[in-house]
Amino acid sequence: MTELDPDDPRPPYQQVANALRATILTKKLMPGDKLASQAELAKRYGVARMTIQQALRILRDEGLVVSRQGSGVFVRERTERPVGLRPHLERAFEQADVTIDFAGFSGETLHGALTEPLDKIRSGRVRPESIRVRLLVPDTEVPWTLPARVEDMEDSPAFRKRASGIMQRHTLAIVDTVNEMGRLGLVADAKAELRVYPAVPLFKLYLINKSEAFFGYYPVREHVVQLDGEDTPIWDLMGKDATLFHHAAEPNDESLSALFIEQSQMWFDSIWSTVAREVRR
C-alpha cells in the first residue's frame, strides 16, 4: 500500500490526484494506458472509493485521463485533447525555484493563470524561495505584417496602439505583482521582466521550470474592431483560439519532448539576449 503523507495539509483526494498525475507526467503511464480500477486504487492508497473518484475527476478536468464506458479510465491520447496550462502552472509554484518564460502576443492567458498561485503565496499556502518570470511580446512601435487590415493587408497603427494597451494591461500587471512579492518579503527572490522584439509571433510559448513547455499556434481570423470610430476588418491572431500542446521532461531525459523543451529554451534565450529590448516606463 502507498501511504499518503499525514502531515500534508491537502485533502486525501488531492494527494491521490498528485500521485497519479506524477505517474502520468513522468511517463510511467503512457498515453492510452489503462489505470488500475477504482477498487485497486482505493486499496493501494488506503482511502475510500469516493476519494478515488474525486481524484480522477480532477485528472479528467485537467485533460490527463478519459473514462470509457464499461472499459475503465485511460491516460488521454495526445491527439484527443491537449492538456490545460493552468493546473501545471499552479503545481510549478510548489517547487522551491519557479521559472516562467513566455513568448506570445499579450500575456492575457498567463495573467489569468497566475492569479491562483500568487494568491496562494499571499495566504502562505505555498512559499517558493525564488520566482523568475520573463515576458517576450512584439514591439508595437514598429509596423506589423500581421495583424493587418483585410482590405489591403497593410499595417494599422491604430490597431497597434489598441494592442499595446492590451499587452501593457496584462504584462505589466504580471511584472508588478511578481516584483511586489519580493518587496513585501513574501518571496526571498522575486523578479519579473518585460521585453519587446521586432517581430510578431505566430505562436505562443510557455516554458515552466525548464522541464515543461506549452506551445500553440495562433489561428488567423477576420476580426472587426473599432479603430478611430470605424468598424475595421482586421486579419487578427486569435490567442483564445490557440490550442496548446504540452511537453514534459525529466532530468537527463533524451525524449523528443525533452529535445523540444531544450530547443525552445535556446530560441527564447537567443531572442531575449539579442534583438529584444527592455520596456521602460
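Undergrad: Quick rundown of the packing of helix α1 (residues 12-25) against helix α3 (residues 49-61)? Include the residues and the values.
TA: At a closest axis distance of 8 Å, the pairing of α1 and α3 adopts a crossing angle of 55°. Judged by the inter-axis angle, α1 sits oblique to α3. At the point where α1 passes α3, the crossing takes the right-handed sense. Contacts from P12, Y13, Q14, V16, A17, L20 and R21 of α1 reach α3 at T51, I52, Q54, A55, L56, I58 and L59. The residue inventory of the contact of α1 with α3, partitioned by class, reads ten nonpolar, three polar and one charged.

Undergrad: Would you mind going over the packing of aromatic side chains in detail, with residue names and values included?
TA: Using the criterion set out here, one finds eight aromatic pairs in the structure. When the ring of F102 is compared with that of Y206, the centres are 5.1 Å apart and the planes differ by 40°; the resulting orientation is tilted. Linking F102 in strand β3 (residues 97-103) with Y206 in strand β7 (residues 203-208), this pair joins segments that are 104 residues apart in sequence. Here F102 and Y206 have matching classes, each one buried. Considering the side-chain rings of F215 and Y217, the 5.0 Å spacing of their centres and the 85° angle between planes classify their relative orientation as edge-to-face. When its relative accessible area of 16% is taken as the criterion, F215 is described as buried. For Y217, a relative accessible area of 58% corresponds to the exposed category. Site record: aromatic cluster; members linked through ring pairs are F203, F215, Y217, F260 and W267. Over the ring of W272 we find R134; its NZ or CZ atom is 5.2 Å from the centre of that ring.

Undergrad: Give me the packing of helix α6 (residues 115-123) against helix α7 (residues 157-183): which residues, what numbers.
TA: At a minimum axis distance of 12 Å, the contact between α6 and α7 shows a crossing angle of 20°. One way to sum up the angle between α6 and α7 is to call them roughly parallel. Pair α6 / α7 crosses with left-handed handedness. For the pair α6 and α7, contact is made by L118, I121 and R122 and by T177, E180 and M181, respectively. Grouping the constituent residues of the contact of α6 with α7 by class yields three nonpolar, one polar and two charged.

Undergrad: So what about the pattern of salt bridges? Which residues, and what values?
TA: Note on pairing: side chains with opposite charge can pair once their charged atoms come close. Inspection of the entire model under this criterion finds ten salt bridges. Among the salt bridges present, the one from E141 reaches R277, with a minimum N-O distance of 3.4 Å. With E141 in the loop between β4 (130-138) and β5 (148-149) and R277 in strand β12 (residues 277-278), this pair connects stretches of sequence that are 136 residues apart. Classification of R277 as partly exposed rests on a relative accessible area of 35%. Three or more residues are tied together by salt bridges with common partners; here these are D101, R134 and D269.

Undergrad: Break down the pairing of β4 for me, citing the residues and quoting the values.
TA: The element β4 is largely enclosed, with a buried count of eight among its nine residues. Examined bridge by bridge, β4 and strand β6 (residues 189-197) share nine bridges and lie parallel to one another. Bridge pairing in β6 places P138 opposite Y197.

Criteria and cut-off values
- Within every chain, residues take consecutive numbers counted from 1 along the sequence as written.
- Where totals are concerned, whole chains, interfaces and linings use all residues; where local detail is concerned, this predicted model gives features only for residues with pLDDT of at least 70, and gives and counts side-chain atom pairs only at 80 or more.
- Side-chain calculation: all heavy atoms of the structure are included, whereas hydrogens and water are not.
- A fitted line through C-alpha atoms represents every axis, and for helices the fit uses only the stretch in contact; the resulting angles, taken between N-to-C directions, go from 0 to 180 degrees.
- A run of H or I in DSSP becomes a helix once it reaches four residues, and a run of E becomes a strand once it reaches two; helices and strands are each numbered from the N terminus.
- Comment on the angle field: the value is read as roughly parallel under 35 degrees, roughly antiparallel over 145, roughly perpendicular from 65 to 115, and oblique elsewhere.
- Here a crossing is taken to be left-handed if its near helix is turned anticlockwise relative to the far helix by less than a right angle, and right-handed if that turn runs clockwise.
- In what follows, residue pairs with any heavy atoms lying within 4.5 Å of each other are defined as contacts.
- Residue type decides the class: Asp, Glu, Lys and Arg count as charged, Ala, Val, Leu, Ile, Met, Phe, Trp, Tyr, Cys and Pro as nonpolar, and the leftover types, Gly among them, as polar.
- Here is the rule: rings of Phe, Tyr and Trp (six-membered ring for Trp) pair when centre to centre is within 6.5 Å. Planes less than 30 degrees apart are stacked, more than 60 are edge-to-face, and the remainder are tilted.
- Partly exposed describes any residue whose relative accessible area lies between the buried limit of under 20% and the exposed limit of over 50%, with all areas from a 1.4 Å probe on protein chains only and scaled to the type maximum.
- Placement of a charge over a ring requires the Lys NZ or Arg CZ to be within 6 Å of the ring centre, with the centre-to-atom vector within 35 degrees of the ring normal.
- In the sections that follow, a salt bridge refers to a side-chain nitrogen of Lys or Arg positioned within 4 Å of a carboxyl oxygen of Asp or Glu.
- Any two strands with at least two DSSP-identified bridges between them are counted as paired.

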